[in-house]
Amino acid sequence: MRTQIEDVETESDHDEATIRLDSLTKRYGDVTANDGISFDVEAGEIFGYLGPNGAGKTTTIRLLLGLIKPTSGTAEVLGEDIRDRRALTEAKANVGYLPDTLGFEERLTGRQALDYFARMRGDERRDELLELFRPPLDKSIETYSHGNKRMLGIVQAFMHDPDLVILDEPTSGLDPLKQDRMHLFLEEERDAGKTIFFSSHVLSEVQRVCDRVGIIREGELVALEDIDDLLKRGGKQVRVHLAEPVDEQRFTTEEMIDVEVVDRTVRFTYTGEPAALLEHLVQYELEDVEIGDPQLDEIFKHYYGDDGLVGGE
Ligand SMILES: Nc1ncnc2c1ncn2[C@@H]1O[C@H](COP(=O)(O)OP(=O)(O)OP(=O)(O)O)[C@@H](O)[C@H]1O
């Protein structure tokens, strides 16, 4: 039986979504960059905000940080309405932000830029983060590579130890090793109770690192789901290598979609129960079978067709 206290706690947890969008809308002339978007980001999750270039991700982030004003609708960040400038400014002391293009004064050295942010918000985690991400500190930022600017931005976003961190395409332009380090770091932060909201147009990173995903297309939210559920609905990717050439008609069942046959190899997405698939396959003389999870890009074709997100900058 649930106690009254548990009920109260559950309710207050629910009330304290870290970010809450409520019909958030932003128009630039004829362009509706955000069109009535509503969703919550809960405390302690990594939320991926996914969409191709121009879909409206940066617009949402800039609205959440009070850098631009909504045309209609609103949002709350750490319980404060984004239209309340003073309250939002106070809340932002507990928010980290990595913009898509860094707003650093480029003539400063990395160290001077961090000193500047430290005076505004604190820097209790600076040393630990510098150890991990290692941007150069003593040359001017204008001489930095893109990757090093990103590293400096990440240190800046996390060094005051905020509860919520908003990252706009954090890994764009980073080499794979640095991306891996970043992903691991985000997971550790999440496990320590931090909330991470990050935008991306890279499916594989969202699949790897996020708990939930919101998908935005032309300003509209077209999906909001747990990554696991999204993948489950996508069926299984199967590749079967048979001992003899395949009679496609005989081999194919209703549960198989996107079937491709090349000589003795069949590839398909299986949407039925695993046991039924195995029963079907044992009727054939098999040389090899691979069964795996689909990549999100397969699932995303439903939302975007063949263009948009798949692999592209
Ligand atoms: N200041 C502005 N004035 C006019 N139109 C704008 C402005 N900012 C954004 N837009 C338009 O709003 C739409 C959404 O842009 P936004 O930058 O939010 O997309 P995005 O998903 O972040 O894309 P990207 O990954 O390329 O940054 C685009 O059509 C863009 O051209």
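Residues numbered from 1 in each chain as written. Predicted model: local features only at pLDDT ≥ 70, side-chain atom pairs only at ≥ 80, totals over all residues.

**A word on the overall build of the protein**
Now for step 1: On a plain count of helices and strands, the protein comes out with 12 helices and 14 strands.
Now for step 2: Here the protein holds 313 residues, and 33% of them are scored as buried.
Now for step 3: Put simply, of all contacts in the protein between residues at least 6 apart along the chain, 67% involve residues at least 24 apart. (Helix = DSSP H or I, 4+ residues; strand = E, 2+ residues; numbered from the N terminus. Buried ≥ 20, exposed ≤ 12 C-beta atoms within 10 Å, placed from the backbone. Contact = placed C-beta atoms within 7 Å.)

**Structural notes on the UniProt feature "domain: ABC transporter" (unreviewed entry) in the protein**
Now for step 1: On the UniProt side, "domain: ABC transporter" (unreviewed entry) is annotated at positions that read residues 19-243 here.
Now for step 2: What you have in residues 19-243 is 35% helix and 31% strand, and the ends, taken at the C-alpha atoms, are 55 Å apart. (UniProt positions renumbered as here; feature names shortened; annotations may be inferred.)

**Some words on the site of the ligand**
Now for step 1: The environment of the ligand is formed by 13 residues, the closest being Y28, A33, N53, T58 and T59.
Now for step 2: Broken down by secondary-structure element, the contributors of at least two residues to the shell around the ligand are β2 (31-41) and α2 (57-64).
Now for step 3: Among the elements that take part in the shell around the ligand, α2 stands out by supplying three residues, more than any other.
Now for step 4: For the shell around the ligand, the per-class residue count stands at four nonpolar, seven polar and two charged. (Near = placed C-beta within 6 Å. Nonpolar A, V, L, I, M, F, W, Y, C, P; charged D, E, K, R; others polar.)

**Quick notes on the sheet that holds strand β5 (residues 80-81)**
Sheet strands associate in pairs through backbone hydrogen bonding, adopting either a parallel or an antiparallel arrangement.
Now for step 1: Strands sit in the order β2-β1-β4-β5 across an open sheet of four strands; the sheet is antiparallel. Strands at the two margins of the open sheet, each flanked by one partner only, are β2 and β5.
Now for step 2: As defined by bridge partners, strand β4 (residues 72-77) adjoins β5 across two bridges and the pair is classed as antiparallel. Within β5, the residue paired with V77 across the bridge is E80. (Pairing = 2+ DSSP bridges.)

**Section: the packing of helix α4 (residues 110-121) against helix α6 (residues 146-158)**
Now for step 1: Where α4 contacts α6, the two axes come as close as 10 Å, and the packing angle between them is 20 degrees. If you check the angle between α4 and α6, you find them roughly parallel. Note on packing geometry: the crossing formed by α4 with α6 is right-handed. In this structure, α4 contributes G110, A113, L114 and F117 to the contact, and α6 contributes L152, V155 and Q156.
Now for step 2: A class-by-class count of the residues in the contact of α4 with α6 yields five nonpolar, two polar and no charged. (Axes fitted to C-alpha atoms, helices over the stretch in contact; angles between N-to-C directions. Parallel < 35°, antiparallel > 145°, perpendicular 65-115°, else oblique. Left-handed = near helix turned anticlockwise from the far one by under 90°.)

**A few points about the domain arrangement of the protein**
Now for step 1: Domain boundaries assigned for the protein yield domain 1 (4-231) and domain 2 (235-293).
Now for step 2: Placing the centre of domain 1 and that of domain 2 at their C-alpha centroids yields a distance of 42 Å. (Domains from an automatic or database assignment.)

**Thoughts on the confidence of the model for the protein**
Now for step 1: Per-residue confidence for the protein gives a mean pLDDT of 88; residues scoring 70 or more make up 88%.
Now for step 2: Note on residues 308-313: pLDDT is under 50 here. Beyond four places in sequence and across chains, it has eight contacts.
Now for step 3: Across the assembled chains, the prediction reports ipTM 0.96 with pTM 0.80. (pLDDT = per-residue confidence, 0-100.)

**Examining the packing of helix α5 (residues 126-133) against α6**
Now for step 1: Two numbers describe how α5 lies on α6: the axes approach to 9 Å, and their chain directions differ by 155 degrees. One finds that α5 runs roughly antiparallel with respect to α6. When the axes of α5 and α6 are compared, the crossing they make is right-handed. Contacts between α5 and α6 involve R126, L129, L130 and F133 on the former and, on the latter, M151, I154, V155 and F158.
Now for step 2: Partitioning the contact of α5 with α6 into residue classes produces seven nonpolar, no polar and one charged.

**A short note on the sheet that holds strand β11 (residues 236-242)**
Now for step 1: Spatially, four strands are ordered β12-β13-β11-β14 in an open sheet, and the strand pairing comes out antiparallel. Two strands bound the open sheet, and with one partner strand each, they are β12 (256-262) and β14 (286-292). Direction aside, neighbouring strands of the sheet carry axes that sit 15 degrees apart on average.
Now for step 2: Relative to β14, β11 runs antiparallel, the two sharing six bridges. When the bridges of β14 are listed, R239 appears paired with E290.

**Thoughts on helix α7 (residues 176-191)**
Now for step 1: With 16 residues, α7 extends 23 Å between its outermost C-alpha atoms, agreeing within 8% with the 22 Å of an ideal straight helix rising 1.5 Å per residue.
Now for step 2: Taken together, the buried positions of α7 are occupied by Q179, M182 and L186. The arc enclosing the buried residues of α7, seen along the axis, measures out at 60 degrees, which places them on a common side. Of the exposed residues in α7, the ones pointing more than 90 degrees away from its buried face are L177, L184, E188 and D191.
Now for step 3: Those residues of α7 that are buried lie in contact with β3 (46-50), α6, β8 (195-200) and α8 (203-209). (Expected span 1.5 Å × (residues − 1). Arc of directions from axis to C-beta.)

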